[in-house]
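# Fold and geometry: a report
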Amino acid sequence: MASFLPAPVLLVQPYPPPLSSNLDLALLQLGYQPDMLSYTDHLSAQSHIEQYLPNLVLYEIHEKAQLKNLNIIQARIQIPHLIAVLADDSPEMINLFLSSGVDRYLIASHPVSKIVASLKIILRGGSDLHPELARYLVSQETKIHFLNQTEVQILKYFSQDLTLAEIQNRLSLHDYQIYAAIRKIYQKLANPFIHSQN
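In this report, the structure presented in the accompanying data block is examined.

Thresholds applied
Residues numbered from 1 in each chain as written. Predicted model: local features only at pLDDT ≥ 70, side-chain atom pairs only at ≥ 80, totals over all residues. Heavy atoms only, no water. Axes fitted to C-alpha atoms, helices over the stretch in contact; angles between N-to-C directions. Helix = DSSP H or I, 4+ residues; strand = E, 2+ residues; numbered from the N terminus. Left-handed = near helix turned anticlockwise from the far one by under 90°. Contact = heavy atoms within 4.5 Å. Nonpolar A, V, L, I, M, F, W, Y, C, P; charged D, E, K, R; others polar. Buried < 20%, exposed > 50% of the residue type's maximum accessible area, 1.4 Å probe, protein only. Arc of directions from axis to C-beta. Phe/Tyr/Trp six-rings, centres within 6.5 Å; stacked < 30°, edge-to-face > 60°. Core = buried A, V, L, I, M, F, W, Y, C linked by side-chain atoms within 4.5 Å.

## Focus: the packing of helix H8 (residues 149-159) against helix H9 (residues 164-171)
Packing of H8 against H9 brings their axes to within 10 Å, and their N-to-C directions diverge by 145°. Between H8 and H9 lies a crossing of right-handed hand. Contact residues: Gln153, Ile154, Tyr157 and Phe158 in H8; Ile167, Arg170 and Leu171 in H9. Classifying every residue of the contact of H8 with H9 by side-chain character gives five nonpolar, one polar and one charged.

## Some details on the side chain of His110
Note that His110 resides in the loop between strand E5 (105-107) and helix H5 (112-123). Taking the relative accessible area as the measure of exposure, His110 reaches 8% and is therefore buried. Sequence-distant contacts of His110, defined by excluding residues within four places in its chain, comprise Asn22, Asp89, Ile115 and His130.

## Quick word on helix H6 (residues 131-139)
Within H6, the full set of buried residues consists of Leu133, Ala134, Tyr136 and Leu137. Each buried residue of H6 sits inside an arc of 160° when the element is viewed along its axis, so together they form one side. Where the residues of H6 are buried, they touch helix H4 (91-98), E5, helix H7 (141-144), H8 and helix H10 (175-190).

## Things to note about the packing of aromatic side chains
Tallied over the full model, the rule gives three aromatic pairs. Between Phe97 and Tyr105 the ring centres are 4.8 Å apart and the planes differ by 45°, which places this aromatic pair in the tilted class. With a relative accessible area of 1%, Phe97 lands in the buried category. Using a relative accessible area of 2% as the deciding quantity, one classes Tyr105 as buried. For the ring pair Tyr105 and Tyr186, a centre distance of 5.9 Å and an interplane angle of 75° mean the geometry is edge-to-face. Of the two residues, Tyr105 is situated in strand E5 and Tyr186 in helix H10; the sequence distance between them amounts to 81 residues. One exposure class covers both Tyr105 and Tyr186, and it is buried. Clustering of aromatic rings is evident, with ring pairs tying together Phe97, Tyr105 and Tyr186.

## Quick notes on the nonpolar core
Core analysis: the largest hydrophobic core is formed by 47 residues, its most contacted members being Tyr59, Leu129 and Leu133. In terms of residues, this core owes the most to one element, H10, which gives seven residues. When sequence neighbours within four positions are dropped, the list of residues in contact with Leu129 reads Tyr105, Ala134, Ile154, Leu155, Phe158, Ile182 and Tyr186. Grouped together as the second largest cluster of nonpolar side chains are 20 residues, Leu11, Leu56, Val112 and Ile115 included.

See below:
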């Protein structure tokens, strides 16, 4: 399986990086070998990306300063797979993610099995949605008024802790369609003016 994974991988983490984080363990479970992973801190991220051209970047966000650095990197360098890694699922972290312009995220404090499941969704081209984020978005009607009916229903169903199978049944959609719609929701939230014109 490892031969089909985007590599090399860069993990942008606080310095010094944590030893054997859940993120590292999840990547190893997916089939990544240790020599496929490299690490850098937030200050060195841009030069490291320019020098090594990773295909997958996992960028930890703990505060607004890191978000600003991420936005600068996104404006200058096209990264095939960029994933925001949030410290937790607190409202503060959710707001940082939503303002990052990134359309995929992981939560570093989740168990390894949840991180693996989210990474599989992301690497298949979709985005995951956790109930905490769905509840937050549903409560922010001004942020989601431009979403289509299916997208709003997806948010509502995830906010109600329905299983994926229940959501698929109610919407008559396949799992990959739901995960692609979630990614589209994040793209619309990142740039609502462009998407409200469509």
